[in-house]
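Spelled out from the first residue to the last, the chains are:
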Amino acid sequence: MKRIPIAFLACITSSFAADEWKLPEEKIAFKSAPGADLVQASCIMCHSHEYITTQPPLTRDQWKASVTKMLQKYGAPIVPEKVDALLDYLAQSYGKAVK
Ligand code: HEC
């Protein structure tokens, strides 16, 4: 059996022990407003924050069309009574009115 140099082993173990393996920090968060928690709870199991926050500014109706599609075609876990609040949030925070 080949002998593995101790220095080599020490090098490997110290690199695992070092606190180097941190995940990158989340840089994008949803704009803070009522409804942000709904988007957080209903959308990010499939999309990154970025995917939603970098959509072109959509009107409320356009957001509605997307959210309806998410619900009906992809089974997004959105409580029907919360859809209006979710759309208000998306349209106000990431909609046409926002510059
Ligand atoms: C179960 C997974 C899933 C969830 C949950 C989900 N989506 Fe999607 N979404 C998709 C898929 C898959 C596509 C790609 C659809 C396509 O290309 O037609 C997509 C596409 C989109 C698009 C691109 C435009 C469009 O209509 O295709 C938008 C905007 C979007 N999602 C927003 C949302 C928002 C907002 C939520 C939360 C309310 C959400 N999604 C929740 C799976 C999901």
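What you see is a predicted model; the values in this text were computed from it and never measured.

Basis of the calculations
- Residues numbered from 1 in each chain as written.
- Predicted model: local features only at pLDDT ≥ 70, side-chain atom pairs only at ≥ 80, totals over all residues.
- Heavy atoms only, no water.
- Near = heavy atom within 4 Å.
- Polar contact = N/O pair within 3.5 Å; in protein donor to acceptor, adjacent residues only side chain to side chain.
- Helix = DSSP H or I, 4+ residues; strand = E, 2+ residues; numbered from the N terminus.
- Donors = N, O, S within 2.8 Å, 3.2 Å for Na, K, Ca; no water.
- Tetrahedral: all angles 85-135°; square planar, octahedral: opposite > 155°, others 65-115°.
- Buried < 20%, exposed > 50% of the residue type's maximum accessible area, 1.4 Å probe, protein only.
- Salt bridge = Lys/Arg side-chain N within 4 Å of Asp/Glu carboxyl O.
- Core = buried A, V, L, I, M, F, W, Y, C linked by side-chain atoms within 4.5 Å.
- Contact = heavy atoms within 4.5 Å.

**Structural notes on the site of the ligand**
Argument step 1. C43, C46, H47, S66 and M70 are the nearest of the 17 residues found near the ligand.
Argument step 2. In the environment of the ligand, an oxygen atom lies 2.8 Å from a nitrogen or oxygen atom belonging to the side chain of S66.
Argument step 3. K69 is positioned such that a nitrogen or oxygen atom in its side chain is 2.8 Å from an oxygen atom of the ligand.
Argument step 4. Mapped onto the shell around the ligand, the elements with two or more residues apiece are α2 (36-43), α4 (60-72) and α5 (83-94).
Argument step 5. Per-element accounting of the shell around the ligand gives the leading share, four residues, to α4.

**Points about the coordination of the iron atom of the ligand**
Four donors placed tetrahedrally about a metal ideally form angles of 109.5 degrees, and six donors placed octahedrally ideally form angles of 90 or 180 degrees.
Argument step 1. Taken together, the protein ligands of the iron atom of the ligand are H47 (NE2) and M70 (SD), with distances of 1.9 to 2.1 Å.
Argument step 2. Seen from the iron atom of the ligand, its six donor atoms lie at angles of 86 to 178 degrees, and the figure they make is octahedral. Here the residue H47 occupies a position in the loop between α2 and α3 (49-53), and M70 occupies one in helix α4, the gap between them amounting to 23 residues.
Argument step 3. By relative accessible area, H47 is classed as partly exposed at 23%.
Argument step 4. Among the residues examined, M70 registers a relative accessible area of 23% and is labelled partly exposed.

**Some details on the pattern of salt bridges**
Once their charged atoms are close, side chains differing in charge can pair, the charge on each being opposite to the other.
Argument step 1. Enumeration according to the criterion identifies two salt bridges in this entry.
Argument step 2. The closest approach of N and O atoms between R60 and D84, which form a salt bridge, is 3.5 Å. With R60 in helix α4 and D84 in helix α5, the pair connects residues that are 24 residues apart, well separated along the chain.
Argument step 3. D84 sits in the partly exposed class, given a relative accessible area of 47%.
Argument step 4. One salt bridge connects D88 with R60, and the closest N-O pair in it is separated by 2.8 Å.

**Focus on the nonpolar core**
Argument step 1. F30, V39, I52, W63, L86, Y89 and L90 are the most contacted members of the largest nonpolar core, which totals 18 residues.
Argument step 2. The dominant element in this core, judged by the number of residues it contributes, is α5, at seven residues.
Argument step 3. Leave out the neighbours within four places in its chain, and V39 touches F30, I44, I52, L86, Y89 and L90.

In short, shape yes, function no, at least from these values alone.
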